Amino acid sequence: MTLIKPSGYRNLLENVENTEKAIKHVKDMFQENLSAQLALLRVTAPMVVLTGTGINDDLNSVERPVSFPIRDMNEQRAEVVHSLAKWKRLKLGEMKVAPGRGIYTDMNALRPDEELDNIHSLYVDQWDWEKVITREQRNIAFLKQTVRRIYEAIKVTENKLYVEFPQLVPSLPEEIHFIHAQQLLDLYPGKKPKERENEIVRRYGAVFVIGIGAALSDGEPHDGRAADYDDWSTPNEEGYNGLNGDLLLWNPVLGNAFEVSSMGIRVDETSLARQLEIRGQQAKRDLYFHKKLLAGELPCTIGGGIGQSRLCMYLLRKAHIGEIQSSIWPESMRRECSEAGIELV
């Protein structure tokens, strides 16, 4: 458990009531902006899925889902979602959504294996979104175009929030900077991945790091990524592997790079088979989701998750995600936060 306690920290919104009002402003405005930028329809999503279908996101393949038996289904097990990366693609297929349109939803998840700190909680809330694309749009140019649209939605939300709360002065740069994880390693070869992120995001303010999941020249991936949703292994037009990435903003309160979104063009039949082999997970080919995808029965998509509490935390200049959402924290962390002027809800 690592806790950052910014020196002289104070709540710019003064009290919990103003904070709650500002949270509602951010959530209402951003989902409206996101929907307009990407042509997304809001849909209702599950909090639980059946175990053994391959629908749940297994993150880095080591995290344990919260699971339980269902009495009226002969004790068949279900599990609380980690995210809806694969469910959304199935939903788009069922809805027969045409290329150029998509869906988004309020995703609520539990991740009991998270290491709790300023930005990680047991409870995860995201705008999970997914959009149907053509096979021809499975390229780096389309990925960047989509990232710019999401970044514009964040900037519009920041500016509108400033009208309501003048103490929250906008700080985002006009443009977002793109860099591949291999380029980042070449730029800072003696540093660890998070240190490299801090250096580049401190420099540019807003950065999208491309190619999360594939091994780099040092033999290690920049960060972990499951084999069965983002395409991190397909060579792109810029000479590197990967059609996915992380959107990072410079957090002036915490003084570090701050991830608000993980997203990417999703695997097709070829890249799914390749990535399952790379990870030694060929047994997943027999799961419900994977069989449908390998059989060509699911649409090509791009998608990702945007942290609701994370984005609120950033825009409201909060030091801890527990100032935005109600969750469970160690008593020692609650005590340290209180002493540092950080009020957890």
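This report concerns the structure included in the present document. Note that this is a predicted model, so its numbers are computed, not measured.

1. Some words on the sheet that holds strand β2 (residues 48-50)
Judged by pairing direction, the sheet is antiparallel, and its three strands sit side by side in the order β2-β4-β3 without closing on themselves. Both edges of this open sheet fall to β2 and β3 (67-70), since each of them pairs with a single strand only. Sheet twist, expressed as the mean angle between neighbouring strand axes with direction ignored, is 35°. Note: β3 against strand β4 (residues 76-80), four bridges, orientation antiparallel. Its bridge partner lying in β4, F68 is registered against A78.

2. Overview of helix α6 (residues 269-278)
If you check which residues of α6 are buried, you get S271, L272, Q275 and L276. Viewed along the axis of α6, the buried residues span an arc of 130°, placing them on a single side of the element. Across α6 from its buried face, at more than 90 degrees, point the exposed residues T270, E277 and I278. Those residues of α6 hidden inside the fold are in contact with α7 (288-294).

3. Here's the deal with the pattern of salt bridges
As enumerated under the stated definition, the model contains 27 salt bridges in all. The closest approach of N and O atoms between D113 and R64, which form a salt bridge, is 2.6 Å. With D113 in the loop between β5 (102-110) and β6 (123-132) and R64 in the loop between β2 and β3, this residue pair connects regions lying 49 residues apart in the sequence. For D113, a relative accessible area of 29% gives the class partly exposed. When its relative accessible area of 55% is taken as the criterion, R64 is described as exposed. A salt bridge links R111 to E114, with the shortest nitrogen-to-oxygen separation between them at 3.8 Å. E114 sits in the partly exposed class, given a relative accessible area of 24%.

4. Quick word on unusual backbone geometry
Despite not being glycine, E14 has its phi angle at roughly 75°, a positive value. You can see E14 is positioned in the segment before α1 (16-38). Note on E14: relative accessible area 65%, which makes it exposed. The phi dihedral of N74 is positive, around 55°, even though this residue is not glycine. Here N74 lies in the loop between β3 and β4. N74 sits in the exposed class, given a relative accessible area of 75%.

Calculation criteria
- Residues numbered from 1 in each chain as written.
- Predicted model: local features only at pLDDT ≥ 70, side-chain atom pairs only at ≥ 80, totals over all residues.
- Heavy atoms only, no water.
- Pairing = 2+ DSSP bridges.
- Helix = DSSP H or I, 4+ residues; strand = E, 2+ residues; numbered from the N terminus.
- Axes fitted to C-alpha atoms, helices over the stretch in contact; angles between N-to-C directions.
- Buried < 20%, exposed > 50% of the residue type's maximum accessible area, 1.4 Å probe, protein only.
- Arc of directions from axis to C-beta.
- Contact = heavy atoms within 4.5 Å.
- Salt bridge = Lys/Arg side-chain N within 4 Å of Asp/Glu carboxyl O.

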